[in-house]
Every structure is written in structure tokens, then in C-alpha cells.
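So you can see what is in the structure, the chains are spelled out below.
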Amino acid sequence: FALASPKGATRRREAALLALPNALPSGDYRLIVSRPDDAGRDIRSDTPCTVEAREFPSETVSLDVANTAIKRNLGPERMAQIEELNAILFRADEGAERFPGPFAPPLTSTRRTSRFAERRIYEYSDGTSERTTHFGVDFGVPRGTPVFAAGDGRVILAKSRISTGWTGVLEHFPGVYSLYY
């Protein structure tokens, strides 16, 4: 988007990447941006925008007794692991080192078994089910295939977890992580 400058001022073009929740309903919205100009005065823009309707693929995942038990495990060890990961992902240490890229897929394979924001229905072994959103990309490759970091970064977590098995988390810059399960 472009911000209008005060009359007589040098016109600057600015761009921003705006992340929207994938569950945001379609419809008309207003994007309001406020920032100070060089003199400290508030510049405000109000731009209409439309979130278009979109459909996400859905898959049903049938879980056996063992995987149902893992998914429903509310034990203290699993809950502590979830809290540990969330504490990492929901913080942005502005003092963290920055690794600006380049970024690339962690595998040369183009075979994906699941994509970001797909809807999942987990069918549990007792006949009940649960709907969720998948927040990753799953690659379908043989066991033992080398996996590379998506970009330079600092290892924040490397351990085996109950839900995700061997897990690695890299911080590329404040608040930007890649996760490997």
C-alpha cells in the first residue's frame, strides 16, 4: 500500500506484510495504519480491503488406540512439553540475533502429504472425533532422508517430545521460528 504524504512533503512508498488469521471470516474490512512522520506528526491512512472466501482442504486421520492415547494425553510431562514449546513460540526477544536468509525448503522433495492450514478431523479409536487446523507442512519422504534447516538460525529446542517425537526449533530472528518434527 502507499501512504499519502502531507502536501509538499517528499512522497514515500512503504510496504508491509500483514499476517491474518487463517480462520478470519471473509468480508469487507478497513486497514488503518498510523505512524509518525519526520516531524513527529501522526499520519493515518484508512484503506478498505476485502478478505476473499477461501476453502482449505480437509483430511480425516484415523488414529489407532496408541495414537489416540498420545493425542489425548493430559499428563504432566506432555503438558509441560506443550507449555515449554508455547513459551518459545509466543515470545519475540528483540535482542535475539538476526539471520536474514536466504530461506529454502528443508528438503529437495516436492511431495507433500499435508499443507499449512488444512483442516484435520482426528477420528479416535473410541469413535469420537475432533476438528483441528494443521499449522505445518508435512513432507512425504523415506525414513533417513536428510533434512536441512530452512535458513540460518539458533537452535532453541532439540529434544524428543511425547506428541511430536524428535523435535527441533530454530529461531531465525525475533519471533520467527522453523520447527522440525
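The shown structure was predicted, so the numbers you read here are calculated from the model rather than taken from an experiment.

So what about helix α2 (residues 76-89)? Which residues, and what values?
Between its first and last C-alpha atoms α2 spans 20 Å; for 14 residues at 1.5 Å apiece the expected length is 20 Å, and the two agree. Of the residues making up α2, those classed as buried are Arg78, Gln81, Leu85 and Ile88. Considered in projection along α2, the buried side chains sweep an arc of 85° and stay on one side of the axis. Among the exposed residues of α2, those oriented more than 90 degrees off its buried face are Pro76 and Glu83. Buried residues in α2 make contact with α1 (65-72), β8 (154-161), β9 (165-173) and β10 (176-180).

Mind laying out the pattern of salt bridges, listing which residues take part and the relevant values?
Enumeration according to the criterion identifies ten salt bridges in this entry. Among the charged side chains, a salt-bridge network with shared partners connects Glu59, Arg120 and Asp138.

Give a description of the environment of glutamine 81 that names residues and reports values.
Here glutamine 81 is to be found in helix α2. Since its relative accessible area comes to 7%, glutamine 81 is described here as buried. Residues glutamine 81 and isoleucine 162, spaced 81 residues apart in sequence, show a C-alpha to C-alpha distance of 8.0 Å. Leave out the neighbours within four places in its chain, and glutamine 81 touches Ser160, Arg161 and Ile162. Within the structure, glutamine 81 has its side chain in polar contact with the backbone nitrogen of isoleucine 162 (distance 2.8 Å).

An account of the side chain of glutamate 171 is needed here, citing residue identities and associated values.
Counting through the fold element by element, glutamate 171 comes out in strand β9. Within the structure, the side chain of glutamate 171 is placed 2.6 Å from the side chain of arginine 154, a separation counted as a polar contact. With residues near it in sequence (within four places) discarded, glutamate 171 still touches Arg91, Ala96, Phe99, Gly153, Arg154, Ile156, Val176 and Tyr177.

So what's going on with the sheet that holds strand β5 (residues 119-123)? Residues and values would help.
Pairing within the open sheet is mixed, and its three strands lie in the order β3-β5-β6. In this open sheet, the two edge strands, each paired with only one partner strand, are β3 (58-62) and β6 (129-133). Across the sheet, the axes of successive neighbouring strands diverge by a mean angle of 20°, strand direction being ignored. In this sheet, β5 lies alongside β3 in parallel orientation, the contact comprising five bridges. The residue of β5 that forms the bridge with glutamate 59 is arginine 120.

What counts, and at which threshold
Residues numbered from 1 in each chain as written. Predicted model: local features only at pLDDT ≥ 70, side-chain atom pairs only at ≥ 80, totals over all residues. Heavy atoms only, no water. Helix = DSSP H or I, 4+ residues; strand = E, 2+ residues; numbered from the N terminus. Expected span 1.5 Å × (residues − 1). Buried < 20%, exposed > 50% of the residue type's maximum accessible area, 1.4 Å probe, protein only. Arc of directions from axis to C-beta. Contact = heavy atoms within 4.5 Å. Salt bridge = Lys/Arg side-chain N within 4 Å of Asp/Glu carboxyl O. Polar contact = N/O pair within 3.5 Å; in protein donor to acceptor, adjacent residues only side chain to side chain. Pairing = 2+ DSSP bridges. Axes fitted to C-alpha atoms, helices over the stretch in contact; angles between N-to-C directions.

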